[in-house]
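Overview (structure and organization)
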Amino acid sequence: MRTIGMKRAIVGAAIAALAMNASAAHAATATATAKARILQQLTLTNSTELDFGTIVSGTAASTVAVSTAGAVSCGTGLTCIGTTTAAGFNLAGTSGAVVGISGPSTVSLTSGSNTMSAALTYSAPTVTLGATGGTFSVGGTLTVGASQAAGNYAGTFTVTANYQ
């Protein structure tokens, strides 16, 4: 009887071993890597304002355009005097990173209850940062009404920069 009990124990152990090996034979494993890239905090500063200069209005509506390089184009019937500048912006962050630029397409300029509107143009939709950062500019086309009321007109717009 002892032999039969012993045989049963050996057979049971063999079956258990086969069962463990059977599940191990069906198992699969893989290894993954966890990664992270840390970017330097992005900073954006305004270096120059968008300045359409001094304009003498005419009897018909017209436009004054300031390119992203700051060059002016004075529309028919207007007189443009003084220095014009595109709005300039400086970026600082991780060298080699690409930064997306976004902002409004227009800005409203007011003087008291009088208004004018300017369509904005951006020098680039993205900037790749170098060792010293990067720059971009914003120009615009100002619509001046016929016999536009005299005044000091101003308006603000917000530009956003985000890592891509």
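Details of the structure are given in the entry above.
Residues numbered from 1 in each chain as written. Predicted model: local features only at pLDDT ≥ 70, side-chain atom pairs only at ≥ 80, totals over all residues. Heavy atoms only, no water.

Side note on the pairing of strand E7 (residues 98-102)
Note that E7 and strand E10 (residues 126-128) share three bridges and pair antiparallel. Paired with Val98 across the bridge in E10 is Thr128. Here E7 runs beside strand E12 (residues 160-163); their pairing, made up of four bridges, is antiparallel. Across the sheet, the residue bridging to Gly100 is Asn162, located in E12. (Pairing = 2+ DSSP bridges. Helix = DSSP H or I, 4+ residues; strand = E, 2+ residues; numbered from the N terminus.)

Topic: the state of the cysteines
Per the stated rule, a full pass over the model turns up one disulfide. Here Cys74 connects covalently by a disulfide to Cys80, the sulfurs 2.1 Å from one another. Given an S-S torsion of about 85 degrees, the disulfide between Cys74 and Cys80 has right-handed geometry. Taking relative accessible area as the criterion, Cys74 reaches 32% and is therefore assigned partly exposed. Its relative accessible area of 28% is what places Cys80 among the partly exposed residues. (Disulfide = S-S within 2.5 Å. Buried < 20%, exposed > 50% of the residue type's maximum accessible area, 1.4 Å probe, protein only.)

Function cannot be inferred from these measures alone, as they are strictly geometric.
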